Amino acid sequence: MDPELLRDDDPDIALLTVLRDDGSADPATDPGMSSETLLRGYREMRRLRLLDARMILLQRQGRVGFYGAAHGQEAVPIATGLAVRPDDWVFPALREQSVMLVRGFPLTTFIAQVFGNAGDVLKGRQMPSHQSGRAVHQVSWSSCIGPQLPHAVGAAWAMRAKKTGAVAVAFSGDGATSQGDFHAAMNFAGVWRAPCVIVCQNNHWSISVPTSKQTASRTIAVKARAYGIPGVRVDGNDLLAVYGVLRDALDRARRGAGPTFVEAVTYRMGAHSTSDDPTRYRAQAEVDAWAKKDPLDRLRRHLVHLGLITDASDAALDRELTAEIAAAVDEVEKLPAPERESLLADVYAEPTWNLREQLGELRRAGPAPTHG
Amino acid sequence: MARTLRFREALREAMIEEMDRDERVFLMGEEVGHYQGAYKVSEGMLDRFGDKRVVDTPIAESGFAGIGVGAAMVGLRPIIEFMTWNFSAVAFDQILNNAAKVRQMSGGQFECPIVFRGPNASARQVGSQHSHAMEHFYATVPGLKVVAPAFPADAKGLLKTAIRDDNPVLVMESETLYAVKGDVPDGEHLVELGRAHVVRPGRDVTLVAYSRMTHVALEAATDLEKEGVSAEVVDLRSLRPLDEGTIVASVERTHRLVVVHEGWPYGGVGAEIADRVQRLAFDALDAPILRVTTLDVPMPYSAKLEQACMPQRDRVIDAVRRTLARGTN
């Protein structure tokens, strides 16, 4: 990769960073998070790292169908979960499912969705990494890349109409900024001053396509200017920086000052999903360079610097979280598949005659074949 | 009592009544407010409801279709107007992958009570890209409901029911019907989705049609009467859910069926009806089911060619004669 991209001196919009290499926080940009919030963020990031690794392993063992990990990009979803209000709406893309975990969605139910079994609130209908939970105000993204962005602007518009004070946060990757839906969402958000925050996680790769082949723009953030929206470029591997930017952007939206666009500069350490092999399209040296900027390591250095954690407490946390995930997987994997006839529910608000006809067809076919 | 209203006035009355009744309902689309609607369907509504509920949008069908889906998922009830259904092609993903699927994919956690509406199929000399009969694409999608009224009373009653429905409902109007007048009942007038209507009883052949083609079928039936042929005309009104009971009952009376619709002959609503009738009323049929559709080509601009391309009264009459000639009695 062009080493230029690793430098933080873009002439268009400067990169906002808080965490320094020595583990201290830049007082000029430090959002002043409480120790409790910092520790909570660290715990959630660490759990997500372990969870992703376990889910990938399950997929490799053939126990689940698909997974897209957030490895290297954990700071953005976790900071989001910490910064939003319970009634705010979150519209994730592929790598922000974990926002709902920070907002209190049960880990077991989350994992049940990866299995698509009877414990899954989505009833086995939706791919993993497309989680949604109405109780925690999280809406599933749409596989076509980008459609969730106009949804979020529509939800923001609706929240303003209902005068609830809630706002919407939407996510995309750098690749989605090429889509018409990105343009439409940014344009509508700008014209209507919709109470929303649109976050692009620029992880430098859209499956195998580097950002340089996605856009000729020097930064993603600068695109906001054409829509009359402030664009912020933040160090996406810095939990404190992302939290500070999102907190301010959410406040701005809430007080009626309009939308904000955030480019979070980060890096996808692993594959796009369990369906691709990144060693075939990118250099290891580039991955190694970004490994030195790992968001979890940087936060850990900061917490050690503050005296909030020790090697011993860290090891204990690791054991605790690993056990929590293992127990959740054990509990969930035992559950049966969703009831076969449930697949005809929820197509319409009410059972229509054509679905009753299909139910008859399903029943005539007899019980489902079993494997093996 | 009933009043005589134009089709566009009936649609407007439906929206106004529902917006008066339910503050969650709003209208959004290109030119719906300040310009009073590209076809004046929403005339006066901006003044009545203000720009928070009659919302002009930038030109981006995928954008405002998606905005509507997002607003519906969090509790509003949008009416999204497409200046023409042809332009919904660029919003297809939002309708197919989002509006239609969100309830099912979310395990019933989210619903999408949204109405998409606008003029559909051919107008007059507006070329191939403005003349699509889009209902065939949408009627195949589970999760969507699709209606296509032919008369002002049904336009009002179906639109009101569509707005109250908790599912996405697509209302297919016709530019060439907007000025058509008809009686509309006074007071609350709702028409159930999924119910066809026999608009002309007959004995010898059933003509099934919807939207503007119902009028073409009625013209053909009037002419056929002069030849001593009694044609029954079934106005479908709803394409999904389809009222197969009314169609089958009619075919069991007449023993012959001709389906008339705009749009291409490959697949589509007519093919669906032919499949159902041969399956459900095989013994009642005295002749193969025929379809009269737009020719299997992109719509031309030339007035003469366009007329030749579209289903016309004479082609309906020809199809009826062919189905009668083939019969056994």
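Looking only at helices and strands, chain B has twelve helices and 14 strands in total. In chain B, which comprises 329 residues, the share counted as buried stands at 63%. When contacts within chain B are restricted to residue pairs at least 6 apart in sequence, those whose partners lie at least 24 apart make up 82%. In the structure as shown, chain B presents an accessible area of about 12,100 Å², 52% of it carried by carbon and sulfur atoms.

On to the interface of chain B and chain A, then. Each partner contributes residues to the interface: chain B has 44 residues there, and chain A has 41 residues. Buried area between chain B and chain A, summed over both chains or domains, comes out near 3,400 Å², and the portion from carbon and sulfur atoms is 61%. A salt bridge links A:E350 to B:K145; its shortest N-O distance comes to 2.6 Å. Applying the counting criterion to the chain B and chain A interface returns 19 residue pairs in polar contact (both at pLDDT 80 or more). Of all the secondary structure elements, the ones that give two or more residues to the side of chain B that touches chain A are β2 (25–29), β3 (54–56), α3 (61–73), α4 (92–99) and α5 (102–105) of chain B.

On to the packing of aromatic side chains. The geometry of an aromatic ring pair comes down to the distance between the two centres and the angle between the two planes. With the rule as written, the count across this model stands at 14 aromatic pairs over all chains. Aromatic side chains A:F188 and A:W192 sit 5.0 Å apart centroid to centroid with 80° between the ring planes, which places their arrangement in the edge-to-face category. Of this pair, A:F188 and A:W192 both sit in helix α6 (residues 180–192), separated by four residues, roughly a single helical turn. Per residue, the accessibility class of A:F188 equals that of A:W192, and both read buried. Lying over the aromatic face of A:W290, A:K293 brings its terminal NZ or CZ to 4.8 Å of the ring centre. Over the ring of B:Y35 we find B:K40; its NZ or CZ atom is 3.9 Å from the centre of that ring.

On to the sheet that holds strand β12 (residues 238–240) of chain B. The strands making up a sheet associate through hydrogen bonds between their backbones, and the pairing can be parallel or antiparallel. Residue and element names in this part refer to chain B. Ordered by their spatial adjacency, seven strands build an open sheet running β3-β2-β4-β5-β7-β6-β12, and the pairing between neighbours is mixed. The open sheet terminates on both sides in strands that have one partner only, identified here as β3 and β12. Averaged over neighbouring strand pairs, the angle between their axes works out to 20° when direction is ignored. In this sheet, strand β7 (residues 169–173) lies alongside strand β6 (residues 145–147) in parallel orientation, the contact comprising three bridges. Paired with K145 across the two strands is V169, which belongs to β7. Running over the sheet, helix α7 (residues 152–164) touches β2, β4 (77–81), β5 (115–119), β6, β7 and β12 and is turned about 150° from β5.

This part covers the packing of helix α5 (residues 148–162) of chain A against α6(A). Residue and element names in this part refer to chain A. Following both chains from N to C, one finds α5 and α6 inclined at 20°, their axes separated by 8 Å at the closest point. As far as their axial angle goes, α6 and α5 are roughly parallel. With respect to the hand of their crossing, α5 and α6 are arranged in left-handed fashion. Contact with α5, carried on its side by L149, P150, V153, W157 and R160, involves D181, F182, A185, F188, A189 and W192 of α6 and no other residues of that element. A class-by-class count of the residues in the contact of α5 with α6 yields nine nonpolar, no polar and two charged.

By the definition in use, this model includes 53 salt bridges over all chains. For the salt bridge of A:K123 with A:D346, the shortest nitrogen-to-oxygen distance reads 2.9 Å. Of this pair, A:K123 sits in the loop between α4 (107–115) and α5 while A:D346 sits in the loop between α10 (311–333) and α11 (353–364); the two residues are 223 residues apart in sequence, bridging distant segments of the chain. A single network of salt bridges, built from pairs that share partners, joins B:R3, B:E13, B:E17, B:E18, B:R21, B:K156, B:K160, B:R164, B:D186 and B:E188.

With that out of the way, let us pick up the domain arrangement of chain A. All names here are of chain A. For chain A, the assigned domains read domain 1 (3–338) and domain 2 (339–372). On a C-alpha basis, the centroid separation for the pair domain 1 and domain 2 is 37 Å. Taken together, the contacts link four residues of domain 1 with six residues of domain 2. Together, K123, R125 and P338 form the three largest contributors to the area buried by domain 1 at its contact with domain 2, with a combined 99%. A salt bridge links R125 to D346; the shortest N-O distance between them is 2.7 Å. The interface formed by domain 1 and domain 2 contains five residue pairs in polar contact (both at pLDDT 80 or more).

Conventions adopted
- Residues numbered from 1 in each chain as written.
- Chains lettered and ligands numbered in written order.
- Predicted model: local features only at pLDDT ≥ 70, side-chain atom pairs only at ≥ 80, totals over all residues.
- Heavy atoms only, no water.
- Helix = DSSP H or I, 4+ residues; strand = E, 2+ residues; numbered from the N terminus.
- Buried < 20%, exposed > 50% of the residue type's maximum accessible area, 1.4 Å probe, protein only.
- Contact = heavy atoms within 4.5 Å.
- Areas by Shrake-Rupley, 256 points an atom, 1.4 Å probe, with all protein chains shown as cover.
- Buried area = accessible area lost by both parts, 1.4 Å probe.
- Salt bridge = Lys/Arg side-chain N within 4 Å of Asp/Glu carboxyl O.
- Polar contact = N/O pair within 3.5 Å; in protein donor to acceptor, adjacent residues only side chain to side chain.
- Phe/Tyr/Trp six-rings, centres within 6.5 Å; stacked < 30°, edge-to-face > 60°.
- Lys NZ or Arg CZ within 6 Å of the ring centre and 35° of its normal.
- Pairing = 2+ DSSP bridges.
- Axes fitted to C-alpha atoms, helices over the stretch in contact; angles between N-to-C directions.
- Parallel < 35°, antiparallel > 145°, perpendicular 65-115°, else oblique.
- Left-handed = near helix turned anticlockwise from the far one by under 90°.
- Nonpolar A, V, L, I, M, F, W, Y, C, P; charged D, E, K, R; others polar.
- Domains from an automatic or database assignment.

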